Amino acid sequence: MNQTLDQPEYYGVTPPISRDPPSAQEVTQAADLMKELRAQGSFEPEEDSRKREAVLGHVSKLVKEFIYQACIRRNLSEAAARGAGGKIFTFGSYRLGVHGPGSDIDTLIVAPKHVDRQDFIEIFHSILQNDSWVTEATAVPDAYVPIIVAEIKGVPIDFTFARLALSVIPDDLELKDDSLLKNLDDKCVRSLNGSRCTDDILRLVPNVHVFRDALRAIKLWAQRRAVYSNVNGYLGGVAWALLVARVCQLYPNGNAATIVRRFFLIMSLWKWPQPVILRKIEDGHLSMRVWNPKLYPSDRMHKMPIITPAYPSMCSTHNVMNCTLEVMKEELLRGKEITTKITNGEAQWAELFEKHNFFTKYHYYLQVIASCCDKAEQSKWSGAVESKIRQLVSKLETVDNLARIHPFVKGFDNTYYTINMQEHGDIVLGNISSTVASRTEEEAKAQAPEDSQAIYTTTYYIGLEIARLDPAAASTGPRKLDISAPTSEFMKMARSWESYQNEIMGIAVRHIRNSALPDSVFEGAGRPVKSGKRRKVGKVQDDSGEAPAKRKRPSGEPETPEDPKSLVPTVLKEIASSEFAKPGPPRTPQPQDGPNGVPAIPTALDGPAQVFNRTSAQLPTQNGDSHSVTPAEIAQAS
């Protein structure tokens, strides 16, 4: 291929599928798309954008002060400390130009060699805590990429850190030179990779403006359909950006409407685990590990590999599991069907962005409840629990009789005020009465000045679909779903977190029916109301025209629980709440002797069950995605 550095013959690892310009219809559809994105509130007001710029300018000054103080701690001279420099680089959605109202700013701090990560956690964190612009600052040193989460003048910022093998960080420093990675530890390389990857994406798309408009649409769609969360096994912002960038390479002259429609068409046909890459993966000259499924067995385990373009190339989707891949495939297929209708004039763009139906889709859900008596510690504890939910989901994938496991993309935070130990224990276990849920801090203090206490909880949800009984199988009585082993292992693993404090932290896992879901999960939309009562089958009238009398219950037969707070299926005997999970804090009532975990769930569910494939269809190759979807397949699907 003959090409120059500045003007390649084509972008990506394969030639474009089409170089056609947008048709008149696509021009109209692109205008309608942008109108809909504005109506959906996807764009940030100009006033907020100016505030972000002012905040970043202030942050730059704080970083200079941080580098100065760290250098003084290392006994550098005053002149050397002042001249050491330091620079910030934004990445993620803000750098890509697709951030919306309330979005955080991913910010990398680059420091000279005398400043280490401990200085970042201690000195910079302290500077943030003492700055008048900063309303919140929390260090998370144990994260895969250590970060400090802050809020400055109402703007959320996630800080990461990397130091280079340089004595001075100049203001005109650029990070695209691979030699800057020399002699860096893995955490610094990962931190730098975020910024380097974002910049590479912008260099590898034919039209940045079209890319941004299309990515803004895909990002909104992924958030509305609840498939936007790297930590919970879906795709994060970088991965969705890489997919959109690849489609832009295949249609270099298309507009936003073209790219969005082709995105759903191509990605719904993609033959995973074939990787998506924006350019050929390079081995480099620094002997760093590069994604290579032929060489590394762990890379062969990736279900949906989407590879970062910057050296060293990494898989941005190593968290994807079988069950989350199936959810995303369904949503991509839905997107394809809707965009086809839009093209045919049978639907509007608003239909694509309709909210998910996660909390009405399943009969049963698992609740994972992380609780703590300290607000600052709860932020760390809930994050640690969330990072381990994928391991619980992976264990649930091996359980018989489960047709689907569907983790939700985020947790729900609540604060409760208790007046005695019994209420405290109930909250830890997830049993929240309406009285406690509505009680204010002032009311709690008035009722129990000495014993009132605030408890902070974060609740995560996993949807469960039970496999339907095979009519051909011999009946051996009611089936039960035993998930006590994986839930017990999960809670044990969560409590093994090195910063776990048994005195103030709790963890519980339990199952509930969809009718028992709290109103908060519907986020202001209101709980869906059933259209009507289910028609009773088998009741006939006698000759008198009256319905037969109800069967009288024998005196020894227990009544069906009428308490709406009962979360145990009525076909089971009522089970004490202590058997769902063991509370963390010792001050809460200890559970009675019994199974630790979740009781069996009856498997009588309505609707077809879909069993997902637990094995990879083919071995991914390291370079090239040209064998995944061919132009002929796309033309046929169109």
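Starting afresh in each chain, residues are numbered from 1 along the sequence in its written order. Selection of residues for local features in this predicted model requires a pLDDT of at least 70, selection of side-chain atom pairs for listing and counting requires 80 or more, and totals for whole chains, interfaces and linings are taken over all residues. To obtain the side-chain values, all non-hydrogen atoms of the structure were included, while hydrogens and water were left out.

Taking an unreviewed UniProt entry as the reference, the chain is identified by name as Poly(A) polymerase belonging to Serendipita vermifera MAFF 305830. A UniProt comment under Function (unreviewed entry) is attached to the chain, and it reads "Polymerase that creates the 3'-poly(A) tail of mRNA's." What UniProt states about the chain under its Subcellular location (unreviewed entry) heading is, verbatim, "Nucleus". UniProt positions are given in the numbering used here, feature names are shortened, and annotations may be inferred rather than shown by experiment.

(A) Region of the structure containing the overall build of the chain. Secondary structure is summarised from DSSP: a helix means a run of H or I of at least four residues, a strand means a run of E of at least two, and numbering begins at the N terminus for each. Looking only at helices and strands, one finds 19 helices and twelve strands in the chain. Contacts in the chain between residues at least 24 apart in sequence constitute 76% of all its contacts with a sequence separation of at least 6. Residue burial considers only the protein chains on display, and all accessible areas are found by Shrake-Rupley using a 1.4 Å probe. Surface summary for the chain: the accessible area is close to 31100 Å², and the carbon and sulfur share equals 48%. Here, residues are in contact when the closest pair of their heavy atoms is within 4.5 Å.

(B) Region of interest: the sheet that holds strand β3 (residues 134–140). A pair of strands is treated as paired once DSSP finds two or more bridges between them. Spatially, the five strands line up as an open sheet ordered β1-β2-β5-β4-β3, and their pairing is mixed. Two strands bound the open sheet, and with one partner strand each, they are β1 (87–91) and β3. Averaged over all neighbouring strand pairs, the angle between strand axes comes to 25 degrees, with direction disregarded. The pairing of strand β4 (residues 147–152) with strand β5 (residues 155–163) spans five bridges and is classified as antiparallel. Bridge pairing in β5 places Ile152 opposite Val155. Helix axes use the C-alpha atoms of the stretch in contact, all axes being lines fitted to C-alpha atoms, and the angles between their N-to-C directions lie in the range 0 to 180 degrees. Sheet contacts for helix α5 (residues 117–129): β2 (105–111), β3, β4 and β5; angle to β4, the most-contacted strand, approximately 15 degrees.

(C) Seen up close, the side chain of Asp199. If you trace the backbone, Asp199 turns up in helix α6 (residues 186–203). We call a residue buried when its accessible area falls under 20% of the maximum for its residue type, exposed when it is over 50%, and partly exposed in between, using a 1.4 Å probe and counting protein chains only. With a relative accessible area of 15%, Asp199 lands in the buried category. We call two N or O atoms a polar contact when they sit within 3.5 Å, provided that within protein one can donate a hydrogen and the other can accept it, with sequence-adjacent residues counted only if both atoms are side-chain atoms. At a separation of 3.0 Å, a polar atom in the side chain of Asp199 contacts the side chain of Arg95.

(D) Seen up close, the packing of aromatic side chains. Between rings of Phe, Tyr and Trp, where Trp is taken as its six-membered ring, a pair exists when centres lie within 6.5 Å; planes separated by under 30 degrees are stacked, by over 60 edge-to-face, and by other angles tilted. Counted according to the given criterion, the structure contains 24 aromatic pairs. Ring centres of Phe408 and Phe412 lie 5.9 Å apart, and the angle between their planes is 10 degrees; on these two criteria the pair is classed as stacked. An aromatic cluster is built from Phe358, Phe359, Tyr362, Tyr365, Phe408, Phe412, Tyr461 and Phe522, whose rings are joined through pairwise contacts. In this structure, Arg82 packs its charged tip against the face of Tyr68, placed 3.5 Å from the ring centre. Placement of a positive charge over a ring is assigned whenever Lys NZ or Arg CZ falls within 6 Å of the ring centre and within 35 degrees of the normal to the ring plane. Its guanidinium or amino end placed over the ring of Phe43, Arg216 lies 4.2 Å from that ring's centre, counting from NZ or CZ.

(E) Focus on the nonpolar core. We call a set of buried Ala, Val, Leu, Ile, Met, Phe, Trp, Tyr and Cys residues a nonpolar core when their side-chain atoms join them within 4.5 Å. Counting residues in hydrophobic clusters, the biggest one holds 72 residues, and the most contacted among them are Phe211, Trp221, Trp240, Phe263 and Phe359. Counting residues per element, the ones that place at least two in this core are α1 (24–39), α6, α7 (208–224), α8 (237–250), α9 (256–269), α11 (322–343), α12 (349–352) and α13 (358–361). For this core, the element with the most residues is α8, which contributes ten residues. Phe263 has contacts with Ile218, Trp240, Leu243, Val244, Val247 and Leu332, leaving out every residue within four places of it along the chain. Ile88, Ile152, Val155 and Ile157 belong to the second largest nonpolar core, which has 34 residues in total.

(F) Summary view of the state of the cysteines. Any pair of cysteine sulfurs within 2.5 Å is marked as a disulfide. Enumeration over the complete set of coordinates arrives at zero disulfides. Its sulfur unpaired, Cys373 is 6.1 Å from the next cysteine sulfur, which belongs to Cys372.

(G) Region of the structure containing the confidence of the model for the chain. Note: pLDDT gives the predictor's confidence per residue, expressed from 0 to 100. Looking at the chain, the pLDDT average stands at 84 and 80% of residues meet or exceed 70. Here residues 531–620 is a poorly scored stretch, pLDDT under 50, and it has 159 contacts once near neighbours within four places are set aside; other chains count.

(H) Fine view of the packing of helix α2 (residues 46–73) against α5. At a minimum axis separation of 10 Å, α2 and α5 run at an interaxial angle of 130 degrees. One element, α2, and the other, α5, form an angle in the oblique class. Crossing angle aside, the handedness with which α2 passes α5 is right-handed. Packed against α2, whose contacting residues are Leu62, Val63, Glu65, Phe66, Gln69, Ala70 and Arg73, the element α5 presents Asp119, Phe120, Glu122, Ile123, Phe124, Ile127 and Leu128 at the interface. Orientation is classified from the angle alone, with under 35 degrees giving roughly parallel, over 145 giving roughly antiparallel, 65 to 115 giving roughly perpendicular, and any other angle giving oblique. By definition, turning the near helix anticlockwise from the far helix through less than a right angle yields a left-handed crossing, and turning it clockwise yields a right-handed one.

(I) The arrangement of the environment of Ala516 in detail. Tracing the chain through its elements places Ala516 in the loop between β11 (505–513) and β12 (601–602). A relative accessible area of 26% places Ala516 in the partly exposed class. Remark: the alpha-carbon pair of Ala516 and Tyr364, spanning 152 residues in sequence, is separated by 9.6 Å.

(J) Spatial organisation of empty space enclosed by the protein. The distinction between a cavity and a pocket rests on a 1 Å grid over the protein atoms alone: a 1.4 Å probe fits inside a cavity but cannot get out, while a pocket stays open yet meets protein on both sides within 12 Å along at least five of seven lines, and a residue with an atom within 4 Å of a point counts as lining. Grid points are joined across faces, edges and corners, and a volume is the space filled by probe spheres set on the points. Under the counting rule described, the total for this entry stands at six cavities of 30 Å³ or more. Quantified by volume, the largest cavity comes out at close to 70 Å³. Around the largest cavity, the lining residues are Arg225, Ala226, Val327, Glu330, Glu331, His356, Asn357, Phe358, Lys361 and His406. Counting only elements with at least two residues in the lining of the largest cavity, the list comes to α11 and α13. With three residues, the single largest contributor to the lining of the largest cavity is α11. Each residue receives one of three labels: charged for Asp, Glu, Lys and Arg, nonpolar for Ala, Val, Leu, Ile, Met, Phe, Trp, Tyr, Cys and Pro, and polar for the others, Gly being one of them. Split by residue class, the lining of the largest cavity holds three nonpolar, three polar and four charged. Size it by volume and the second largest cavity reaches roughly 50 Å³. Forming the walls of the second largest cavity are Arg279, Lys280, Ile281, Glu282, Pro309, Ala310, Tyr311 and Ser313. The residue makeup of the lining of the second largest cavity, split by class, is four nonpolar, one polar and three charged.

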